[in-house]
Amino acid sequence: PAPGDAIGPVTEVTATNLNFQSFKIRGIDFELGYTTQLGSLPGSLRLRGLASYVDELLFDAGRGPVDRVGNVGDNASFATPRWRGTGSISYLSDDLNLDLRLRYVDGGYFNREMNITNNKVSSRIYVDLGAEFKVGERFSLSANVNNLFDRDPPYVLQNTALFDSVGRYFQVGAKARF
C-alpha cells in the first residue's frame, strides 16, 4: 500500500525543515493605472501595470548568506524571479467589458546552488483575454482564455507556481442576480 494508505501502516513521512539564522528580502513593487473616457463613445479605457523587482533574497542557515534571487526552478527553495509583472488594457462599458492581459515572469537559473548542465531558465510572457457581456439587468455571461498562445513553460519546469504549466485553458461563466 501507499504511504498512509487506509489499508496499511504509514511507512514514510516526508518533512521539510527550514531553520534559518536570518532571512532578508529587498525589492520594490510598482503600480501604474490610468483610466479615460472615450469621448462620445460609451465606456472607458483602462490601462494598468503591476510589477515587482527583487534586488536580493538572502538566506543564512549559519554558513553565510546565500542570495536566491533568480532561482526559478521546481526544487529551488523560495523560487523568486528578479522581475515579475502583469499589464492589462480594458474596455469598460455598461453592457460590455473586454480585457487583454500580459503576464511576465523573468527567467534565471533552475537552481544556482546546483552544479548542473543547462541551468538557465528563459523568461515567459503569457497573453490572456477576457470578456463579460451583460444581458438585461440581472444576467451576465463571461468568458476567459488564459495562455492564449498555449505557451509552454521552460522545458526544465513541470510543477512550478511561477510559470503556466497547464497550457491554454478556457473559462465560461454566467451570473444571475435575484
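How each quantity is defined
Residues numbered from 1 in each chain as written. Predicted model: local features only at pLDDT ≥ 70, side-chain atom pairs only at ≥ 80, totals over all residues. Heavy atoms only, no water. Helix = DSSP H or I, 4+ residues; strand = E, 2+ residues; numbered from the N terminus. Buried < 20%, exposed > 50% of the residue type's maximum accessible area, 1.4 Å probe, protein only. Contact = heavy atoms within 4.5 Å. Areas by Shrake-Rupley, 256 points an atom, 1.4 Å probe, with all protein chains shown as cover. Salt bridge = Lys/Arg side-chain N within 4 Å of Asp/Glu carboxyl O. Lys, Arg positive; Asp, Glu negative; His and termini not counted. Polar contact = N/O pair within 3.5 Å; in protein donor to acceptor, adjacent residues only side chain to side chain. Pairing = 2+ DSSP bridges. Phe/Tyr/Trp six-rings, centres within 6.5 Å; stacked < 30°, edge-to-face > 60°.

K.L.:
Explanation requested: the overall build of the chain in the structure shown.
P.N.:
In terms of regular secondary structure, the chain is built from zero helices and 10 strands. Each helix (α) and strand (β) of the chain, taken in turn from the N terminus, gives the series β-β-β-β-β-β-β-β-β-β. Within the span of the chain, comprising 178 residues, buried residues form 28% of the whole. Considering only contacts within the chain whose residues lie at least 6 apart along the sequence, 55% involve residues at least 24 apart. Surface accessibility of the chain: about 12100 Å² in total, with carbon and sulfur atoms responsible for 56%.

K.L.:
Whenever I open this one, the environment of Gly49 confuses me. Can you help?
P.N.:
With respect to the helices and strands, Gly49 occurs in strand E2 (residues 44–60). Assessed through its relative accessible area of 25%, Gly49 is described here as partly exposed. Considering only alpha carbons, one finds Gly49 and Gly87, 38 residues apart in sequence, at a separation of 4.3 Å. What Gly49 contacts, discounting residues up to four positions off in sequence, is Phe30, Glu31, Leu32, Thr86 and Gly87.

K.L.:
In this structure, what is going on with unusual backbone geometry? I would like to understand it.
P.N.:
Generally, phi is negative for residues other than glycine and the peptide bonds are trans, each holding for most cases. For Asn147, which is not glycine, the phi torsion reads 55 degrees and is therefore positive. Residue position: Asn147 is located in the loop between strand E9 (139–146) and strand E10 (169–176). One non-glycine residue with positive phi stands out, namely Asp150, at about 55 degrees. Inspection of the secondary structure puts Asp150 in the loop between E9 and E10.

K.L.:
It is not clear to me how the pattern of salt bridges should be interpreted in this structure. Could you clarify?
P.N.:
Any two side chains of opposite charge can pair, so long as their charged atoms come close to each other. Evaluation of the coordinates by the stated rule reveals nine salt bridges. The partner of Arg26 in a salt bridge is Asp55, and the shortest N-O contact between them spans 2.5 Å. Here Asp55 lies in strand E2 and Arg26 lies in strand E1 (residues 22–37), a separation of 29 residues in the sequence. Where Arg48 meets Glu31, a salt bridge forms, and the shortest distance between an N and an O atom there is 2.8 Å.

K.L.:
Honestly, the side chain of Asp106 in this entry has me stumped. Any pointers?
P.N.:
Note on placement: Asp106 falls in the loop between strand E5 (96–105) and strand E6 (108–109). We note that Asp106 is buried and unpaired, the nearest opposite charge coming from Arg82 at a distance of 5.7 Å. One polar contact links Asp106 to Tyr104, side chain to side chain, over a distance of 3.0 Å. Once you skip the residues sitting within four places of it in the chain, Asp106 turns out to touch Val72, Pro81, Arg82, Trp83, Ser123 and Phe163.

K.L.:
Before we go on, may I ask you to explain the pairing of E5 in this structure?
P.N.:
Here strand E4 (residues 83–92) runs beside E5; their pairing, made up of nine bridges, is antiparallel. Within E5, the residue paired with Leu92 across the bridge is Asn97. Hairpin connection from E4 to E5: three residues lie between these consecutive antiparallel strands. Across 10 bridges, the pairing between E5 and strand E8 (residues 124–135) is antiparallel. From the neighbouring strand, Leu100 faces E8, where its bridge partner is Leu129.

K.L.:
Looking at this model, I keep getting lost on the environment of Ile89. Mind explaining?
P.N.:
One can find Ile89 in strand E4. Among the residues examined, Ile89 registers a relative accessible area of 43% and is labelled partly exposed. Along the primary structure Ile89 and Leu102 are separated by 13 residues, whereas in three dimensions their C-alpha atoms are 9.0 Å apart.

K.L.:
Which parts of the structure should I look at to understand the packing of aromatic side chains?
P.N.:
Aromatic ring pairs are described here by two measures, namely the spacing of the ring centres and the angle between the planes. Scanning the entire structure with this criterion turns up two aromatic pairs. With centroids separated by 6.1 Å and ring planes inclined at 15 degrees, the aromatic side chains of Phe30 and Trp83 adopt a geometry described as stacked. Taken together, the residues Phe30 in strand E1 and Trp83 in strand E4 connect sequence positions 53 residues apart. A residue is classified by how much of its surface remains accessible, and Trp83, at 36% relative accessible area, is partly exposed. Taken together, a centroid distance of 4.8 Å and an interplanar angle of 50 degrees make the contact between Tyr53 and Trp83 tilted. With Tyr53 in strand E2 and Trp83 in strand E4, this residue pair connects regions lying 30 residues apart in the sequence. By the ring-pair criterion, three or more aromatic residues cluster together here, those being Phe30, Tyr53 and Trp83.

Distances and angles like these do not, on their own, reveal function.
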